[in-house]
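Breakdown of the fold
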Amino acid sequence: MKKNIFRAASRLSLLAVIGLAVLLAACSSAPATPIVSIPNPTTKTIASNPGTTAVAISVQQGTAAPLPDIVSVVEKVKPCVVAIDDQIISTTRRGGTTTAAAAGSGWIMDPNGLIVTNDHVVSGAQNIVVSLDDGRIFPAVKVTSDPINDLAVIKVNATGLPAATIGDSSKAQVGMQVVAIGNALGEGIRVTAGIISNLGTSITLSATQTLYNLIETDAAINPGNSGGVLVNMSGEVIGIVNAKVSASGVEGMGYAISTNTAVPILQQLLNQGYVVQPWIGAVFQTVDPGVALVNSLPVQKGVLIVDVSPNSPASNAGLQPGDVILTIDGKGVTSASEAAAAVSGSQIGQKLQIAYQRGNSKSTVEVTTVKNPTP
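Anyway, here's the lowdown on the structure attached to this text. (Residues numbered from 1 in each chain as written. Predicted model: local features only at pLDDT ≥ 70, side-chain atom pairs only at ≥ 80, totals over all residues. Heavy atoms only, no water.)

Some details on the pattern of salt bridges
- All told, the structure shown has three salt bridges when counted by the stated rule.
- The salt bridge involving Lys78 is made with Asp133; its shortest N-O contact spans 2.7 Å. Remark: Asp133 occurs in the loop between β8 (125–131) and β9 (137–146) and Lys78 occurs in the loop between α1 (70–77) and β5 (81–91); sequence separation between them is 55 residues.
- With a relative accessible area of 24%, Lys78 lands in the partly exposed category.
- Here Arg358 and Asp323 are joined by a salt bridge, their closest N and O atoms 2.7 Å apart. Highlighted residues: Arg358 in strand β23 (residues 351–358) and Asp323 in the loop between α5 (313–316) and β21 (324–328), separated in sequence by 35 residues.
- Given the relative accessible area of 32%, Arg358 is considered partly exposed. (Salt bridge = Lys/Arg side-chain N within 4 Å of Asp/Glu carboxyl O. Helix = DSSP H or I, 4+ residues; strand = E, 2+ residues; numbered from the N terminus. Buried < 20%, exposed > 50% of the residue type's maximum accessible area, 1.4 Å probe, protein only.)

In structure tokens, the structure reads:
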């Protein structure tokens, strides 16, 4: 993980296991850094002027015919995957600074030098360098990122680059064979393979940051893989690798941001340099029997509110941690991803009717979405 920061969920995570550390899969030689929570959703640009890039992201409609084997998939996709090396500036306890080398992955989204990676790969970084599979090296000239969704776009001055094909992640199925390609351990582009273990998974990184609608895979994910690709057997990118569970006795639990989640965010980063989306200031967790038992909930399904930001729409409406959301605008919600999608799919300023249960009492409140804070 970048800066070796392990973000451990403070509550029972959707993995239904206490004490698992979620490792954001970039690698660094930096010393251990105290865990820090991310404040209210915001975006940032690691550049003096973000500017805009008028590029429409193209997503493959349908799913192309599968390639005959993993070798063919690798031959198609590997040239599109890049290694990212940078330097991380950290502040010491005595007010000084230290510099450490770090590494991650990315992939070429557009032939004219647009590269997708994770925010945590480039956050706080200087001297970012992108190395292509063919040996060419380019310095980053602009980086625009969204830390809440852990996505970033790097611009390099190059044309004619081999761009990856973006697939429709809604076509993914549990059990489908996938290939992960990235700069594992900073040792250059490596390939692992596995299957999709679960869809619509959420992981909590801090009290104020949860990533939703992730693809879970048992393909080996190592430090340095962050920002790399998870592709189907047609050689289409369906996920952006960003995390894994790192704990004794746990194997094969890696995660990727689905392309259907990522593309609208990436498009906003390209268009305006930051992301605007509806926000109510609540962190969600899927209720299942294990979560219900640990949290002494009166229901076996729904969406648990695990955190509410102060002075947020959710807080102002009276919602509290421990409340279980049953419906949003009359539609039942049974997963954190469904609740997050209901909020993100609304309009800014829209009034959402949220029915919830607190103890043995059921109530409905009106929550008005607002624009997430922007730079």
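A closer look at unusual backbone geometry
- Phi angles above zero are rare outside glycine, and Asn213 is one such case at about 55 degrees.
- Along the chain, the position of Asn213 falls in strand β14 (residues 209–217).
- A positive phi angle is found at Ser296, which is not glycine, with a value near 55 degrees.

So, helix α3 (residues 259–272)
- In this model α3 runs 20 Å from its N-terminal to its C-terminal C-alpha over 14 residues, within 8% of the 20 Å that 1.5 Å per residue would give.
- Residues of α3 that are buried: Thr259, Ala262, Val263, Ile265, Leu266, Gln267, Leu269 and Leu270.
- Trailing α3 by a residue or two, Gly273 shows a phi angle of about 85 degrees, which is positive. (Expected span 1.5 Å × (residues − 1).)

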